[in-house]
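For reference, the chains in residue letters:
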Amino acid sequence: MLVVMAHNASPEDVQVVVDTIREMGYEAAPIPGKQRTAVGLVGNDGNVDASRLEALPGVLQVIHVSQPYKQVSREWREEPTVIELANGTRIGGNEVVMMAGPCSVESEAQILGMAQQIRDAGATVLRGGAFKPRSSPYSFQGMAEAGLRLLARARDETGLAIVTEAIDPEGVDIVAQYADIIQIGARNMQNFSLLRRAGRSGRPVLLKRGIAATINELLLSAEYILAEGNGQVILCERGVRSFDTHTRNLLDLTAIPVVKALSHLPIIADPSHGTGLRSKVIPMGRAAVAAGADGLIVEVHPDPEHALSDGAQSLYPPQFEELMTQVGEIARAIGRELTPRLPSPTHAR
Ligand code: PEP
Ligand code: MN
């Protein structure tokens, strides 16, 4: 439920609404905005006496949020959520963010070299898994904390922000120590204890759509994170299971404008897992930006043939440069721009 304040409502009026909601036994979430100020009532169990709130001074109207997800919805918040990282990257505004790097952190040389190359190409966020959720227990499971330390070194040397995955609730704290953004992977989209833990981490969360999840389920999973008080959620379309075997997944680009209409949260696309095929990553990356994605997350590897995971979908570094150039042009064509390049590093390797 949302209590929308009149334009001339005073800060005291807003405070009275907040106090009243708390008195009624619910949580109050003030939502200041350029167009309107509102106060959200969190935890509505169906017994809220709306007339009590409607009668308060400065209240314009009380809206019942019709969607099953509440804080994630556009009804709750009209203005887009913009997430700002420590290196200045802004996600969800007019800029299109480029996140890139290997599927897994494999060695110091691999991740530091990759970081340098994607940064030189103009990306501002480095991806790389240290804890890998593999379909087979016998596949490479990641370098764990040693991998996180290498990512932190890469950040020190390049200024790139780091996005890396946490695969279980117990792993969130250690990932949060190193990462700028905690990734929750497709296989874990409905791991509700992991979502809650990430909601309490104090870090932005990149939430990937499950392989058979509906858009509503994705948004409800995001609601778990917001319900813990963390509004910094970036959604990610990474392809869903389909009946066709030509690609690994079916990258559902329709989800991008659909989510944009339903939610104020940023949404990016992952054309690497979305297609599973190197030759399809550039065209689908271009298409995702044209469809309105707030950014891309792309796998790039210096030697994909010998990658320990996802080599077949990893771009060669020159291909990533090509993608950067092309999506920059597409972004401009729709009135957006890529995140500005990072300033030159203060110290070289
Ligand atoms: C990944 O980003 O390497 C990954 C495992 O992604 P997803 O969870 O989308 O499969
Ligand atoms: Mn991968």
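Now for a description of the structure that goes with this document. (Residues numbered from 1 in each chain as written. Chains lettered and ligands numbered in written order. Predicted model: local features only at pLDDT ≥ 70, side-chain atom pairs only at ≥ 80, totals over all residues. Heavy atoms only, no water.)

### What about the site of ligand 1?
- What surrounds ligand 1 is the set Cys103, Arg127, Lys132, Glu165, Gln183, Gly185, Ala186, Arg187, Lys208, Arg238, His273 and Glu299.
- In this structure, an oxygen atom belonging to ligand 1 sits 2.9 Å away from a side-chain N or O atom of glutamine 183.
- In this structure, arginine 238 approaches ligand 1 through a side-chain N or O atom, which is 2.6 Å from an oxygen atom.
- Here ligand 1 occupies the second largest pocket.
- Split by residue class, the shell around ligand 1 holds two nonpolar, three polar and seven charged. (Near = heavy atom within 4 Å. Polar contact = N/O pair within 3.5 Å; in protein donor to acceptor, adjacent residues only side chain to side chain. 1 Å grid on protein atoms, 1.4 Å probe; cavity = no way out; pocket = protein on both sides within 12 Å on 5 of 7 lines; lining within 4 Å. Sits in = over half its atoms within 2 Å of the grid points. Nonpolar A, V, L, I, M, F, W, Y, C, P; charged D, E, K, R; others polar.)

### Quick word on the sheet that holds strand E1 (residues 2–5)
- Spatially, the four strands line up as an open sheet ordered E2-E3-E1-E4, and their pairing is antiparallel. Taken across any chain shown, the strands that pair with only one partner, and hence form the sheet edges, are strand E2 (27–31) and strand E4 (59–63). On average, each strand axis in the sheet is tilted by 20° relative to the strand beside it, whichever way the strands run.
- Summarising the sheet, E1 and E4 pair through four bridges and their orientation is antiparallel. Paired with valine 3 across the two strands is valine 62, which belongs to E4.
- Sitting on the sheet, helix H1 (residues 11–23) is in contact with E1, E2, strand E3 (38–42) and E4, with an inclination near 5° to E3. (Pairing = 2+ DSSP bridges. Helix = DSSP H or I, 4+ residues; strand = E, 2+ residues; numbered from the N terminus. Axes fitted to C-alpha atoms, helices over the stretch in contact; angles between N-to-C directions. Contact = heavy atoms within 4.5 Å.)

### Some thoughts on empty space enclosed by the protein
- In this structure the tally under the stated criterion is two cavities of 30 Å³ or more.
- Of the voids in this model, the largest cavity is the one considered here, and its volume is about 70 Å³.
- Taken together, Ile31, Pro32, Gly33, Gln35, Arg36, Trp76, Arg77, Glu78 and Glu79 make up the lining of the largest cavity.
- When the residues that make up the lining of the largest cavity are grouped by side-chain class, the tally is three nonpolar, two polar and four charged.
- Lining the second largest cavity are Arg127, Gly128, Gly129, Lys132, Val163, Thr164, Glu165 and Gln183.
- Ranked by residues supplied to the lining of the second largest cavity, first place goes to strand E9 (residues 161–165) with three residues.
- In terms of residue class, the lining of the second largest cavity is made up of one nonpolar, four polar and three charged. (Points joined across faces, edges and corners; volume = space filled by probe spheres on them.)

### Looking at the layout of surface pockets
- Estimates place the volume of the largest pocket at around 320 Å³.
- What lines the largest pocket is a set of 18 residues, among which Ala29, Gln71, Trp76, Leu226 and Gly231 lie closest to the centre.
- For the lining of the largest pocket, the secondary-structure elements that each account for two or more residues are E2 and helix H7 (215–227).
- Across the lining of the largest pocket, the residue classes break down as nine nonpolar, six polar and three charged.

### Let's talk about helix H8 (residues 255–262)
- Looking at H8, one finds that the buried residues are Ala255, Ile256 and Val259. Viewed end-on, H8 has its buried residues packed into an arc of 100°, placing them on one side of the element.
- Those residues of H8 hidden inside the fold are in contact with H7, strand E12 (233–237), strand E13 (267–269) and helix H10 (278–290). (Buried < 20%, exposed > 50% of the residue type's maximum accessible area, 1.4 Å probe, protein only. Arc of directions from axis to C-beta.)

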